[in-house]
Amino acid sequence: MNRPGKTDGMHHIALKVRELESTEHFYTELVGMAVDWRPDADNVYLTNGNDNLALHRIQGEAVPGRLDHIGFLIHDIGKVDLWYEYLKEQGVKMLMAPKTHRDGARSFYCEDPDGTRVQFIHHQPFAASGKLSKGR
């Protein structure tokens, strides 16, 4: 069987976190996501209207196969620096200041309270395609 074309993008990520409450605060209060569903005290599903982020509380040993980073797309290149300044003012740990890459993308990296690297990125091919929600 051949691959049935391309996927339509990454709209769901699940993270295993130790600091559920502070990680939820980061994604809701600072990034602007909303709680979509909370099945119990150890699990919460967040959304920004387009994507879904699941946070699952863990305890004990380090999680094998931890992901490298997750990324939030930014439609307006000028807002990348605004996001950087805003999150920095909120006390978020910054890993890299905004930078323009060889392909014209502009991004920075920070860390959520549980240590997951988070990238905020403007990538012109996505912006030009109209696939990003404008005004977010």
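Shown above is the structure to which this text applies.
What counts, and where the lines are drawn
- Residues numbered from 1 in each chain as written.
- Predicted model: local features only at pLDDT ≥ 70, side-chain atom pairs only at ≥ 80, totals over all residues.
- Heavy atoms only, no water.
- Helix = DSSP H or I, 4+ residues; strand = E, 2+ residues; numbered from the N terminus.
- Contact = heavy atoms within 4.5 Å.
- Areas by Shrake-Rupley, 256 points an atom, 1.4 Å probe, with all protein chains shown as cover.
- Salt bridge = Lys/Arg side-chain N within 4 Å of Asp/Glu carboxyl O.
- Buried < 20%, exposed > 50% of the residue type's maximum accessible area, 1.4 Å probe, protein only.

**Student:** Any details on the overall build of the protein? Residues and values, ideally.
**Tutor:** Broken down by element type, the protein carries three helices and eight strands. Ordered by position from N to C terminus, the α and β elements of the protein give β-α-β-β-β-β-α-β-β-β-α. Of the contacts formed within the protein by residues at least 6 apart in sequence, a portion of 53% connects residues at least 24 apart. Within the structure as shown, the protein displays about 8600 Å² of accessible surface, and the carbon and sulfur contribution to it stands at 50%.

**Student:** Tell me what's going on with the pattern of salt bridges, and back it up with residues and numbers.
**Tutor:** The final tally for this structure, using the stated rule, is five salt bridges. In this structure, the salt-bridge partner of Arg-38 is Glu-24, at a minimum N-O distance of 2.7 Å. Taken as a pair, Arg-38 in strand β2 (residues 34-40) and Glu-24 in helix α1 (residues 20-30) lie far apart in primary sequence, 14 residues in all. When the shortest N-O distance is used, the salt bridge between Arg-57 and Asp-42 registers 2.6 Å. With Arg-57 in strand β4 (residues 52-57) and Asp-42 in the loop between β2 and β3 (43-47), this residue pair connects regions lying 15 residues apart in the sequence. Note on Arg-57: relative accessible area 23%, which makes it partly exposed. In this structure, a network of salt bridges that share partners links the residues Glu-21, Asp-42 and Arg-57.

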